[in-house]
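The lines below spell out each chain.
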Amino acid sequence: MNYRGLPSENQSRKTPPLVIITGMVPLYGHSWAQRLLTRQIARSTISHAYLITGPGRVGRRSLAVWFIQALYCENPPEPGVPCGECRPCQQAARLQHPDIHPVTTEEGAATIKIDQIRQLQRDLALVPYQAPYRIALLTNFEKATIGAQNALLKTLEEAPSRVILLLTADSPESVLPTIQSRCEVLRLRPMPVDALTAALTDSPKPVSEPAFLARIAGGRPGLALTLSQDSDQLALRKSWLDNLIQALHDDRIGRFKLAEQAAKDRANLRSGLELWSSFWRDVLLAKTGRLSALTNSDYAEEIQQTAAALTLEEAAQLLEEAEESLRGLDLNLNARLLVEVLTLGWPFLPN
């Protein structure tokens, strides 16, 4: 059977940023973290390093940029709260401030490399140009090589007094324990679907179908906004879910083909596996009669048909295997083998 094609890495890199913070665009769902950081700024108890974790597109980068704005703002309405309008706030929103040093995977690369960390260390050794701090923003740091993570340890242990490091990652466990232990960890979680629906409805730029977007985004504000702005992302979601459903009715050879195709799409593999995990979570919900809680409500018929063919224990096991595949991805296991093992564990349903 033929599976729907997934976009190449080059295509995926054309996707716009998840959340663009300019002016006073609200940061949804993490007010507790904002209050914590505001208090630290007001009381001068700022940590030298923070690790902001949570599922992709939950708002990790957005919170980090908001914090930088709060640190750099020239006209805060109150201590630790950015105005969003002054020049440093605007520069921080675009990551174009001379004292901000962004680090992420380079064009065409899958990892953050040790040379990038060494260059960052040279930059951070300089006195801040115009702000009170030089700030390193290391996004998706779970993609850093072990060498790069070890190289950062020296800076974390002996950071200059006017340097702050902001790291984002999927989970604290996806980085070295020595990195985690030297950072203040902020664990972000998805919003309740109803709360995100209300936030999208009341947004300065209201979106169409806010309830549907909030649900399929699983309460992740960044993903909901991306889906509202980019039809290609909705098509990508559909292709991954359609391929899963098709594979349930396919033989082993077809599943090997799907695994080969999925593993090649490195840029979208994690989000694809998360979608598959959400499908199996919905199947488990369907087995317990909680149809109103389905994330992928537009696939309710397929979810119910799959649930009818499984026991509750089998559905729970399939969800656990899907989540285990995500943990395997964090450990840099062979992607194709990982997807092969995952898909071969799915039930073989009649056509």
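Residues numbered from 1 in each chain as written. Predicted model: local features only at pLDDT ≥ 70, side-chain atom pairs only at ≥ 80, totals over all residues. Heavy atoms only, no water.

A. Broad picture of the packing of helix α11 (residues 231-247) against helix α12 (residues 252-264). Direction vectors running N to C along α11 and α12 enclose 160 degrees, while the axes themselves pass 10 Å from each other. Classified by the angle their axes make, α11 and α12 are roughly antiparallel. The way α11 lies across α12 gives a crossing that is left-handed. Residues Trp240, Asn243 and Ala247 of α11 lie in contact with α12, whose contacting residues are Arg255, Leu258, Gln261 and Ala262. Residue composition of the contact of α11 with α12, grouped by class: four nonpolar, two polar and one charged. (Axes fitted to C-alpha atoms, helices over the stretch in contact; angles between N-to-C directions. Helix = DSSP H or I, 4+ residues; strand = E, 2+ residues; numbered from the N terminus. Parallel < 35°, antiparallel > 145°, perpendicular 65-115°, else oblique. Left-handed = near helix turned anticlockwise from the far one by under 90°. Contact = heavy atoms within 4.5 Å. Nonpolar A, V, L, I, M, F, W, Y, C, P; charged D, E, K, R; others polar.)

B. Looking closely at α11. Taking 1.5 Å as the rise per residue, α11 with 17 residues should run 24 Å; its terminal C-alpha atoms sit 24 Å apart, in good agreement. The element α11 is largely enclosed, with a buried count of twelve among its 17 residues. Those residues of α11 lying buried are Gln233, Leu236, Arg237, Ser239, Trp240, Leu241, Asp242, Asn243, Leu244, Ile245, Gln246 and Ala247. Buried residues along α11 sit against α9 (210-216), α10 (221-229), α12, α13 (266-287) and α14 (300-308). The opening residue of α11 is Asp230, an N-cap whose side-chain oxygen sits 3.0 Å from the backbone nitrogen of Asp232. (Expected span 1.5 Å × (residues − 1). Buried < 20%, exposed > 50% of the residue type's maximum accessible area, 1.4 Å probe, protein only. Polar contact = N/O pair within 3.5 Å; in protein donor to acceptor, adjacent residues only side chain to side chain.)

C. Quick peek at the side chain of Thr53. Locating Thr53 in the fold gives a position in strand β1 (residues 49-53). Residue Thr53 is classed as buried on the basis of its relative accessible area of 3%. With residues up to four places along the chain from it excluded, the contact list for Thr53 reads Arg60, Ala169, Asp170, Ser171, Pro172, Val185, Leu186, Arg187 and Leu188.

D. View of the nonpolar core. Trp276, Phe279, Trp280 and Trp346 are the most contacted members of the largest nonpolar core, which totals 37 residues. Mapped onto this core, the elements with two or more residues apiece are α11, α12, α13, α14, α15 (312-330) and α16 (335-344). Ranked by the residues each element gives to this core, the list is headed by α13, at nine residues. Setting aside chain neighbours within four positions, we find Trp280 in contact with Leu244, Leu248, Thr306, Leu310, Leu318, Leu319, Ala322, Trp346 and Pro347. Within the second largest apolar cluster, 26 residues are counted, among which are Leu27, Leu37, Ile41 and Leu71. (Core = buried A, V, L, I, M, F, W, Y, C linked by side-chain atoms within 4.5 Å.)

E. Spatial organisation of α15. Over its 19 residues, α15 runs 28 Å from end to end, which matches the ideal 27 Å to within 8%, given 1.5 Å per residue. Of the positions making up α15, those classed as buried are Ala315, Leu318, Leu319, Ala322, Ser325, Leu326, Gly328 and Leu329. Residues of α15 that are buried sit in contact with α13 and α16. Just downstream of α15, Asn332 is the residue with a positive phi angle, here 60 degrees.

F. Molecular detail of the packing of α13 against α15. Across the interface, α13 lies against α15 with an axial gap of 9 Å and an inter-helix angle of 165 degrees. When the axes of α13 and α15 are compared, the pair comes out roughly antiparallel. Remark: the crossing between α13 and α15 carries left-handed chirality. Residue-level contacts link Leu269, Arg270, Leu273, Glu274, Ser277, Trp280, Arg281, Val283, Leu284 and Lys287 of α13 to Leu312, Ala315, Ala316, Leu318, Leu319, Ala322, Glu323, Ser325, Leu326, Leu329 and Asp330 of α15. Split by residue class, the contact of α13 with α15 holds 13 nonpolar, two polar and six charged.

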